[in-house]
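# Summary of structural features
Single-letter residue listing:
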Amino acid sequence: MPATLPSTTNNWWCDMNTEYAFVGFSYEVTACQDLDQLQREFTDIRQRFKGRYIRMYGACDRDGFYDDIINAAWEAGLGVHALIWFGFDGDDKWKTRRDTLFTALHANPKAKFVTRVVQFGSEPLFDGVLSHSELAAQVVAAKENLSSLGIPVTISEMVYGYQERGGAKDVLDAIDLIDAHMLPFFSQQASTASASWPIVLNDMNWFIENGEGKKIYLTENGWPSVTSEGVQSNSPKAVADIQNESDYYKLLDSKCTYFKTVPGGGVGWFAHIYSDAMEPGYGIYNYYGNLKFVFNPATSC
Ligand SMILES: *[C@@H]1O[C@H](CO)[C@@H](O)[C@H](O)[C@H]1NC(C)=O
Ligand SMILES: *[C@@H]1O[C@H](CO)[C@@H](O)[C@H](O)[C@H]1NC(C)=O
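Rules behind the numbers
Residues numbered from 1 in each chain as written. Chains lettered and ligands numbered in written order. Predicted model: local features only at pLDDT ≥ 70, side-chain atom pairs only at ≥ 80, totals over all residues. Heavy atoms only, no water. UniProt positions renumbered as here; feature names shortened; annotations may be inferred. Helix = DSSP H or I, 4+ residues; strand = E, 2+ residues; numbered from the N terminus. Rg over C-alpha atoms; globule rule 2.2 N^0.38 Å. Contact = heavy atoms within 4.5 Å. Areas by Shrake-Rupley, 256 points an atom, 1.4 Å probe, with all protein chains shown as cover. Lys, Arg positive; Asp, Glu negative; His and termini not counted. Charge placed at Lys NZ, Arg CZ, Asp CG, Glu CD. Near = heavy atom within 4 Å. Polar contact = N/O pair within 3.5 Å; in protein donor to acceptor, adjacent residues only side chain to side chain. Nonpolar A, V, L, I, M, F, W, Y, C, P; charged D, E, K, R; others polar. Buried < 20%, exposed > 50% of the residue type's maximum accessible area, 1.4 Å probe, protein only.

Where an unreviewed UniProt entry is consulted, the protein appears under the name glucan endo-1,3-beta-D-glucosidase, with the organism given as Armillaria gallica. Listed in UniProt under the heading Subcellular location (unreviewed entry), the comment for the protein reads: "Cell membrane". Looking at the protein in UniProt, the text filed under Sequence similarities (unreviewed entry) is "Belongs to the glycosyl hydrolase 17 family."

Quick look at the structure:
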C-alpha cells in the first residue's frame, strides 16, 4: 500500500482478467475480532496463502468494527468483499447494518481503496427476506449511495436462490458482479468431493448463460469435513470428511485453466472458511489454529 492515500481509485484495482483461481477466504466476523486479531489473520491470509481478498460472513454490530476491517485490510494489503448480513431470523437488523456500513464507507477515506464490493447476503433470495423485486431495488439504491465512491454492489447467493425465484432477472440486471455460492455437498447428486466437478460445472453454466457476462467469484465455496445441525447432506452418498474437504480444493486447483477462461474475466474462488472456529468443519485451520491439510492453491496459471 502507498505511504499516502491516492486521490482516486482510477487504475487502483487489478484488471478483472487477473482475478481468477484462488483469491482468498470467507472470513466470519460474528466473533467481533479485535483489531490485533484481524491484522494478524489478514496478514496470514495475504502472506501465507497469497490471498487477495477476504469475503465477510456473518455480522458484528460493534461500533467502529468496519473501520477495524478497513485498517487491518489496508495494513495487510487485502481487499474486502463486504457484507450486509440478513441473518436467519427474518428481522430488520440488516437495515441498520446497511446504514452503518454505508456511513463508514463514506466516512473512512481508506474505505474505497480496500472495499472491492458490497454484498447483500447471505442468500437473500433463498431465504426470502425480501421479494426479488424489493431486493433488486435495494441493490440499485445501494449503487446510487456508493456511486461517488465507485464501490460496486452485489448479492451473495447460490444458483438455486435465483432459479427458485424464476431466475430473478431483475436482481441479475442490477448487480455489478456475481458472488456465487458453490456448496456441492448439498446437491442431491453429491458423492465424494473429487467427483463433484459436474455439479460445480452445472451451476457455473447457469451463471455463465444468465449472468450477462458479469465477473463471477465463488464466495461461499467449500466442502465440510464434518456434518452438524445446519450441515446435513441431501444425498445418501455425500461424504463429509477431511480428505474430501481437501479433495474439493485440489479439484478446484486442478481446474485453474478452466477458471481463467470463463467469460467475464475468469472465475476467482474463495475458500469457505478460514477457521473451524468460524464454521464447524469448513475451516482450513482447525479449532487449535493448526492447518488441517496442505493448502497451497495456485493464484494464476
Ligand atoms: C448513504 O446512506 C447513508 C446511510 O443510510 C446515508 O446516511 C447517506 O446520506 C447516504 N448517502 C448518499 C450519498 O446517498
Ligand atoms: C472421501 O471420504 C470417504 C469417506 O470418509 C473416504 O473413504 C474417501 O477416501 C474420501 N476421498 C475420496 C477421494 O473418496
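Having put the structure on the table, let's press on.
### Examining the overall build of the protein
Helix and strand counts for the protein come out as eleven helices and eight strands. Taken against the 2.2 N^0.38 rule, which gives 19 Å for 301 residues, the C-alpha radius of gyration of the protein at 18 Å falls within 12% of a compact globule. If you line up the protein on its principal axes, its C-alpha atoms span 50 × 45 × 40 Å. Pairs at least 24 apart in sequence give 78% of the contacts found in the protein among residues at least 6 apart. Here the protein has roughly 12600 Å² of accessible surface; of this, 49% comes from carbon and sulfur atoms. Separation of charge centres in the protein, based on 24 positive and 37 negative side chains, amounts to 6 Å.

### Section: the site of ligand 2
Surveying the vicinity of ligand 2 reveals the residues T192, S194, V239, D241, Q243, N244 and D247. Within the side chain of D247, one N or O atom sits 3.3 Å away from a nitrogen atom of ligand 2. In isolation ligand 2 offers 350 Å² of accessible surface; the protein chains occlude 51% of this area. For the shell around ligand 2, a count of residues per class yields one nonpolar, four polar and two charged.

### Remarks on the site of ligand 1
Around ligand 1 lies a shell formed by D99, F102, T103 and N145. The separation between an oxygen atom of ligand 1 and a polar side-chain atom of D99 is 2.9 Å. Contact distances for ligand 1 include 2.2 Å between an oxygen atom and a side-chain N or O atom of N145. Per-element accounting of the shell around ligand 1 gives the leading share, three residues, to helix α3 (residues 93-107). Here the shell around ligand 1 is composed, by residue class, of one nonpolar, two polar and one charged.

### Focus on the side chain of K214
Turning to its location among the elements, K214 is positioned in the loop between α9 (197-210) and β7 (216-221). Its relative accessible area of 16% is what places K214 among the buried residues. One polar contact links the side chain of K214 to the main-chain carbonyl oxygen of I175, over a distance of 2.7 Å. The contacts of K214, once residues within four sequence positions are left out, are L172, D173, A174, I175, D176, L177, I178 and G264.

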